[in-house]
Amino acid sequence: MDAGHGGPDHGMSGPIGSEHWFVEKDVTLAVARRLAEELRAQGMDVLMTRTSDTLIALSDRGRIANRARGDVFVSIHVNAPGVSNAAGARERGFETYFLAEAKTEDERRVERMENESVRFETGANAPKGDPLSFIITDMAQNEHLRESSDLAATIQDGLRAVHPGPSRGVQQANFAVLRGSYMPAVLVEIGFGTNATEAAYLSDPDNQSRLARNIAGSVVSYLARYESRVGGTR
Ligand SMILES: [Zn+2]
């Protein structure tokens, strides 16, 4: 379980057009915490990449999950539009990503935004530059392409039942945070913190629990399906 951003990396802030009171890193942590609680309540082992307001390098987040031999990697984020004007403030809805080449301008925008976190990674936080390791980890995620897209679809479909915003569908982009994990991996944009209505919705603890419970249910049903498949004819 991965709560996006942390420490000096605040992620996006909003809403557009009013004083910025919504901070992505706090909401992602709150939702990821509740998600971990829900999954633990269902008997699953859950490791969180961060449990406090700290910065973890994007490439370390997958590594942490690998060390724990995780079955799935779920990264929680909040969206922001490309423009900070009235049209941007109207953007809302939720979308779930798996790792693959971004195909649309919108996917490329979210990819740029979420990968920007690396600029906070200095000194001890900075990942070692090893071009070969990128190729290897890319291949590792390729192996899980179908599973990741299946997990993304399960989470995205599930959220329709609780989320008031429109479903923006399953999307794909080349997120640094998903690249290093050797397991099915997705990134959920749970809404737009730049939209006043959605920022209020996402800040409400009851709604955070509702979203967490819903995503947890999708993860559990995905894993049950996956296990019955590998346990069966394969
Ligand atoms: Zn983010």
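Just so you know, these numbers come straight off a predicted model, no measurement behind them. Residue numbers restart at each chain and count upward from 1, following the sequence in its written direction. Per-residue local features are limited, in this predicted model, to residues with pLDDT of at least 70; the limit for side-chain atom pairs, both in listing and counting, is 80 or more; totals at the level of whole chains, interfaces and linings are taken over all residues. Only hydrogens and water are set aside; all other atoms, that is, all heavy atoms of the structure, feed into the side-chain values.

Colleague: Could you give an account of the sheet that holds strand β1 (residues 2–3), with specific residues and numbers?
Modeller: Only strands that DSSP links by at least two bridges are regarded as paired with each other. Labels follow the DSSP assignment, with helices taken as runs of H or I lasting at least four residues and strands as runs of E lasting at least two, numbered in each case from the N terminus. With respect to topology, five strands assemble into an open sheet ordered β1-β4-β7-β5-β6, the strand pairing being mixed. Because the sheet does not close on itself, it has two edges, and the strands there are β1 and β6 (167–173). Judged from the six bridges that link them, strand β4 (residues 73–79) and strand β7 (residues 185–192) form a sheet pairing that is parallel. Within the sheet, the bridge partner assigned to Val 74 lies in β7 and is Val 186.

Colleague: Quick rundown of the nonpolar core? Include the residues and the values.
Modeller: Only buried Ala, Val, Leu, Ile, Met, Phe, Trp, Tyr and Cys residues count toward a nonpolar core, and they belong to the same one when joined by side-chain atoms within 4.5 Å. Type-normalised accessible area, obtained with a 1.4 Å probe on protein chains alone, sets the label of each residue: buried when under 20%, exposed when over 50%, and partly exposed for intermediate values. Within the largest apolar cluster, 38 residues are counted, with the highest numbers of intra-cluster contacts made by Leu 35, Val 74, Ile 76 and Ile 190. Of all the secondary structure elements, the ones that give two or more residues to this core are α1 (24–41), β4, β5 (94–99), α6 (145–159), β7, α8 (196–203) and α9 (205–231). Contacts of Val 74, omitting those with residues within four sequence positions, involve Met 1, Asp 2, Leu 35, Val 186, Val 188 and Val 219. In this structure, Leu 58, Tyr 97, Ala 173 and Val 177 belong to the second largest nonpolar core, which totals 15 residues. We call two residues in contact when some of their heavy atoms are within 4.5 Å.

Colleague: Describe in detail α6, supporting the description with residues and values.
Modeller: When the terminal C-alpha atoms of α6 are compared, their 21 Å separation across 15 residues agrees well with the 21 Å that a helix rising 1.5 Å per residue should span. Among the residues making up α6, those that are buried are Glu 147, Ser 148, Leu 151, Ala 152, Thr 154, Ile 155, Gln 156, Gly 158 and Leu 159. In this analysis, the expected span of each helix is defined as 1.5 Å times one less than the number of residues it contains.

Colleague: Tell me about the side chain of Arg 50, and name the residues and values.
Modeller: Of note, Arg 50 is situated in the loop between α1 and α2 (58–67). Asp and Glu are treated as the negative residues and Lys and Arg as the positive ones, with His and the ends of the chain left uncounted. Salt bridges are identified by distance alone: a Lys or Arg side-chain nitrogen within 4 Å of an Asp or Glu carboxyl oxygen. One buried charged residue, Arg 50, remains without a salt bridge, the closest side chain of opposite sign being Asp 53 at 4.4 Å. Among the polar contacts listed, one links the side chain of Arg 50 to the backbone oxygen of Lys 25, at a separation of 2.8 Å. In this view, Arg 50 contacts Ala 3, Gly 4, His 5, Gly 6, Lys 25, Thr 28, Leu 29, Ile 56 and Arg 61; residues no more than four positions away in its chain are not counted. N or O atoms within 3.5 Å of each other form a polar contact, as long as, within protein, one can give a hydrogen and the other can take it, and as long as residues adjacent in sequence are counted only when both atoms are side-chain atoms.

Colleague: So, the packing of aromatic side chains: which residues are in play, and what are the values?
Modeller: Two rings belonging to Phe, Tyr or Trp (six-membered ring only in the last case) form a pair when the distance between their centres is within 6.5 Å. Interplanar angles under 30 degrees mark stacking, angles over 60 mark edge-to-face geometry, and anything in between is tilted. Per the counting criterion, the structure on display carries three aromatic pairs. Here the aromatic rings of Trp 21 and Phe 22 are separated by 6.2 Å at their centres, their planes lie at 70°, and the arrangement is edge-to-face. Given the relative accessible area of 45%, Trp 21 is considered partly exposed. Ring centres of Tyr 97 and Phe 175 lie 5.1 Å apart, and the angle between their planes is 80°; on these two criteria the pair is classed as edge-to-face. Taken as a pair, Tyr 97 in strand β5 and Phe 175 in the loop between β6 and α7 (176–179) lie far apart in primary sequence, 78 residues in all. The pair formed by Tyr 97 and Phe 175 is uniform in burial state, with each residue classed as buried.

Colleague: Any details on unusual backbone geometry? Residues and values, ideally.
Modeller: In terms of backbone geometry, most residues other than glycine have negative phi values and most peptide bonds are trans. Here the residue pair Gly 14 and Pro 15 is connected by a cis peptide bond, since its omega of -10° sits within 30 degrees of zero. The phi dihedral of His 5 falls on the positive side, at around 65°, and the residue is not glycine. Position of His 5 relative to the elements: it lies in the loop between β1 and β2 (13–14). Taking the relative accessible area as the measure of exposure, His 5 reaches 4% and is therefore buried. Its identity is not glycine, yet Arg 69 carries a phi of approximately 50°, on the positive side. Within the fold, Arg 69 resides in the loop between α2 and β4. The class of Arg 69 is exposed, set by a relative accessible area of 72%.

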